[in-house]
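# Descriptive structure summary
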2 protein chains.
Amino acid sequence: MAERPKLETVASVAGVSVATASQVMRGAGRISAKTRERVLAAARQLKYLPDGRAAAMRSGVNRDIGFAIHEIANPFNAEVISGVSDLLETEGYLVAVLDSRDNPERQRKQLEAFIRSSRGGLLWVPAAHTPSETLELLKAHQMPTVTFLRHLQRAQFDHVGIEDAEATARATHYLADLGHRTIAYLGGNATFGVRLERIAGYRRALAERSDVEPLIWESPDNKRAGLDAMLALHRAHPDITAVVCNGDMVAIGASLGLQKIGLQPGRDVSLIGFDDIPDAGIAIPPLSTMAVDPYQLGRRLARTLVDRITEPDSPTATVRVTAELIIRETTAPPVQFQLN
Amino acid sequence: MAERPKLETVASVAGVSVATASQVMRGAGRISAKTRERVLAAARQLKYLPDGRAAAMRSGVNRDIGFAIHEIANPFNAEVISGVSDLLETEGYLVAVLDSRDNPERQRKQLEAFIRSSRGGLLWVPAAHTPSETLELLKAHQMPTVTFLRHLQRAQFDHVGIEDAEATARATHYLADLGHRTIAYLGGNATFGVRLERIAGYRRALAERSDVEPLIWESPDNKRAGLDAMLALHRAHPDITAVVCNGDMVAIGASLGLQKIGLQPGRDVSLIGFDDIPDAGIAIPPLSTMAVDPYQLGRRLARTLVDRITEPDSPTATVRVTAELIIRETTAPPVQFQLN
DNA sequence: TCAAATTGGTATAACGATGTATCAGATGTC
DNA sequence: GACATCTGATACATCGTTATACCAATTTGA
């Protein structure tokens, strides 16, 4: 098997110098039509593709983008990835996804390796409890970076996210307006990231109507954990009639949990999720939720990074998109109201 | 803001030559303890990380691995990615995921960009209808490659997959043994990949017992599509009492579809899935399925690639793991048997 | 018709690391 | 004390591109 073809091979096959071949390959300089054709033919024949490392090293441009995320399995994130890839790929970038699984140590190793290979830019959902050194690492290596979803106050990075607090407040008000007076908040891994903002919104909404006390219950962001957490929450506080969930995965788990103990979501207990993942609409019963279009969000995110790469000296900016309340069948007035 | 630190900077801060600094950084050569310490201190202080491009170009070793997959959103695949990353990251590699979304054109662009950036190896679930040129591209550039799940007969690549035909035959026999005589096969995108092998297993099982006719119904591999396809299938063939599904996503969709029209999965119609994704166990009712541990499968896959990279001249090999039948609540004897 | 401008191509120095050859000085051996 | 050996560091060529400076041949202009 032949060695991997290089520019030198192409040049010698075409009978020109490497310099000429290089100019033809990237459409620069002034080369006559027939030499150009000879070079292109040689390249085609050898299946030549330029070595991006060498090119990037010399020219300083790099079209390799990383998307470092905390959780690749989440279907909302999967849709975001689609949006990001679509935009960046049409702009000529290659997107590679790194899954930190929300582990800051794993994240550190991944980002170090990422920097070593000198990629062109980073989209980043920081893992829970990301230490400052990791931020400084990115800064020190001048990596064009846009954070996503989880905003790092302490760092000067561009940011794209969701109006979490405002949306959660809206969801909470909606439940209270239906007549609920014991509204719990369920889900979220840790004292980190979007959960903080969503809980702030939840608290703010409750504070605005003095007759409901906040009640917050933690749970990892997946269905299994949501199911278990709902059971535990209900055991501890059987009087709860409504639950604001940190995400749809938890909400669907909670829905399954309620059904397991003979309660009907949307009648005995109201549930509201966040994200509007594909499962939300086909769940039984269909889940009420705060919807953000993850595909468009991904495009927005990618666009922000491209702008940063194109104009490295522009001031950093923060973009926050609003969520829309989607009412399906897990939200209804509490039972005592329905009896009236 | 300072420029990105390079070896030269480290060397000058430490008061040594670049050559010395290089040797210290990679623990080669013979360097005295105190110079070593000086260099390391300088590197630490500057947050120096070597430029992997330059290193790889010169030394020829590259610890960047790509995982090109057809569908990142599928939770089975997400678990595979975890297994792959865990193994490769402890071996010092960086894993980047590329999502072709089963589009051969997108895949071609991604793999071209991947080759350009000269990564060290590729794990690959070929997109549906992958043209031969894509294979030849990888061959021409001598990319160490292991295919996953979808076996390419025509190419000499290592392969890791599942005993699809055998497992599906086992599932089909199980349903027939329960007494079912109208057993459909549901799901699969196209005339491509694992679907072919699974259907072959289904057909073989039915052929071994002459009293059941094959009935095959296509559907994309997601819940929404599975739901719709189940409705259409039932409308066309209301007498069906059992369905072998191409995957759990379709099976769960089918389950939801049946419930939507008032049928009870596991009583009126038996369903059996494939993959044992997390949702399968907590679905209502819990789904019977063919289980393969995706995490371990991912590790196996990664190990195969490492072996290929380490020993480029060893003969190519194919690994196929067997699936285990998990009986939950969507499989039971058909109703007429239950009445007896 | 001779200088000036244009065309089409090449030689060569980077980019940031690595690895080998080399070398000066310290140590050891008999 | 002469010669071999070892130690610790350095110079330099190299990896595969790109960008610039340059040059010879051709065309243009007055």
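Everything below is about the structure shown above.
Here is a short report on the structure shown in this document. Predicted, not measured: the structure shown is a model, and the values here were computed from it.

## Brief notes about the packing of aromatic side chains
All names here are of chain B. With the rule as written, the count across this model stands at six aromatic pairs over all chains. Geometrically, the ring pair formed by Phe-67 and Phe-148 is edge-to-face, given 6.3 Å between the ring centres and 65 degrees between the ring planes. Taken together, the positions of Phe-67 in strand S1 (residues 64-69) and Phe-148 in strand S4 (residues 145-148) put the pair 81 residues apart, joining distant regions of the chain. The same class applies to Phe-67 as to Phe-148, namely buried. Between Tyr-185 and Tyr-202, the ring centres sit 5.4 Å apart and the planes meet at 55 degrees, which makes this aromatic pair tilted. Of this pair, Tyr-185 sits in strand S6 (residues 183-186) while Tyr-202 is found in helix H9 (residues 194-208), placing the two residues 17 residues apart along the sequence. For Tyr-202, a relative accessible area of 0% gives the class buried.

## Let's talk about the protein's contact with DNA strand D
Around DNA strand D, 23 residues are found, and the nearest of them are Lys-6, Ser-22 and Arg-58 of chain A together with Thr-20 and Thr-35 of chain B. A share of 62% is what sugar and phosphate atoms reach among the atoms of DNA strand D within 4 Å of the protein. In the model, a base nitrogen of DNA strand D is placed 3.3 Å from a nitrogen or oxygen of the Ala-54 of chain A main chain. Here a phosphate oxygen of DNA strand D and a side-chain polar atom of Thr-20 of chain B are 2.3 Å apart. Those elements that place two or more of their residues in the surface near DNA strand D are helix H2 (18-25) and helix H4 (52-59) of chain A together with helix H2 (18-25) and helix H4 (52-59) of chain B. Among the elements that take part in the surface near DNA strand D, H4 of chain A stands out by supplying five residues, more than any other. Partitioned by chemical class, the residues of the surface near DNA strand D number 10 nonpolar, seven polar and six charged.

## Things to note about the relation of the copies chain B and chain A
Between chain B and chain A, the superposition needs a rotation of 180 degrees and an axial shift of 0.0 Å, giving an RMSD of 0.1 Å. The symmetry that links the two subunits is that of a two-fold axis. Counting the interface residues of chain B, we find that 100% of their copies in chain A are interface residues as well, pointing to one common contact surface.

## Here we look at the packing of H4 of chain A against H4 of chain B
For the pair H4 of chain A and H4 of chain B, interaxial distance at closest approach is 9 Å and the crossing angle is 130 degrees. Taken together, the axes of H4 of chain A and H4 of chain B are oblique relative to one another. When the axes of H4 of chain A and H4 of chain B are compared, the crossing they make is left-handed. Residues Arg-53, Ala-54, Ala-56 and Met-57 of chain A of H4 of chain A form the contact with H4 of chain B, whose own contacting residues are Arg-53, Ala-54, Ala-56 and Met-57 of chain B. The residue makeup of the contact of H4 of chain A with H4 of chain B, split by class, is six nonpolar, no polar and two charged.

## Some thoughts on the pairing of S4 of chain B
All names here are of chain B. Residue alternation in S4 divides its side chains into two sets, Thr-145 and Thr-147 and Val-146 and Phe-148, and both sets are buried. The pairing of strand S3 (residues 121-124) with S4 spans three bridges and is parallel. Each residue of the ladder has a partner; that of Leu-122, found in S4, is Thr-145. Taken together, S3, helix H7 (residues 132-140) and S4 constitute a β-α-β crossover, and its handedness is right-handed.

## Comments concerning the pattern of salt bridges
With the rule as written, the count across this model stands at 48 salt bridges over all chains. Across the pair Asp-228 of chain A and Arg-224 of chain A runs a salt bridge, and its minimum N-O distance is 3.8 Å. Pair noted here: Asp-228 of chain A and Arg-224 of chain A are both in helix H10 (residues 223-236), with a separation of four residues, about one helical turn. Asp-164 of chain B is the salt-bridge partner of Arg-198 of chain B, the closest N and O atoms lying 2.7 Å from each other. Of this pair, Arg-198 of chain B sits in helix H9 while Asp-164 of chain B is found in helix H8 (residues 164-178), placing the two residues 34 residues apart along the sequence. When sorted by exposure, Arg-198 of chain B lands in the same class as Asp-164 of chain B, which is buried. A network of salt bridges, in which partner residues are shared, links Asp-64 and Arg-119 of chain A together with Asp-64 and Arg-119 of chain B.

## Some details on the protein's contact with DNA strand C
Lining the immediate surroundings of DNA strand C are 24 residues, of which Thr-20 and Thr-35 of chain A together with Lys-6, Leu-7 and Arg-58 of chain B lie closest. When the atoms of DNA strand C within 4 Å of the protein are grouped by moiety, sugar and phosphate amount to 60% of the total. With respect to DNA strand C, the side chain of Tyr-48 of chain B contributes an N or O atom lying 2.9 Å from a phosphate oxygen. The side chain of Arg-58 of chain B places a nitrogen or oxygen atom 2.4 Å from a base oxygen of DNA strand C. For the surface near DNA strand C, the secondary structure elements donating two or more residues are H2 and H4 of chain A together with H2 and H4 of chain B. Grouping the constituent residues of the surface near DNA strand C by class yields 11 nonpolar, seven polar and six charged.

Rules used throughout
Residues numbered from 1 in each chain as written. Chains lettered and ligands numbered in written order. Predicted model: local features only at pLDDT ≥ 70, side-chain atom pairs only at ≥ 80, totals over all residues. Heavy atoms only, no water. Phe/Tyr/Trp six-rings, centres within 6.5 Å; stacked < 30°, edge-to-face > 60°. Helix = DSSP H or I, 4+ residues; strand = E, 2+ residues; numbered from the N terminus. Buried < 20%, exposed > 50% of the residue type's maximum accessible area, 1.4 Å probe, protein only. Near = heavy atom within 4 Å. Polar contact = N/O pair within 3.5 Å; in protein donor to acceptor, adjacent residues only side chain to side chain. Nonpolar A, V, L, I, M, F, W, Y, C, P; charged D, E, K, R; others polar. Least-squares fit on C-alpha atoms with pLDDT ≥ 70 in both. Contact = heavy atoms within 4.5 Å. Axes fitted to C-alpha atoms, helices over the stretch in contact; angles between N-to-C directions. Parallel < 35°, antiparallel > 145°, perpendicular 65-115°, else oblique. Left-handed = near helix turned anticlockwise from the far one by under 90°. Pairing = 2+ DSSP bridges. Right-handed = clockwise from strand over helix to strand, strands pointing away. Salt bridge = Lys/Arg side-chain N within 4 Å of Asp/Glu carboxyl O.

Take it as geometry only, folks, not as evidence of what the structure does.
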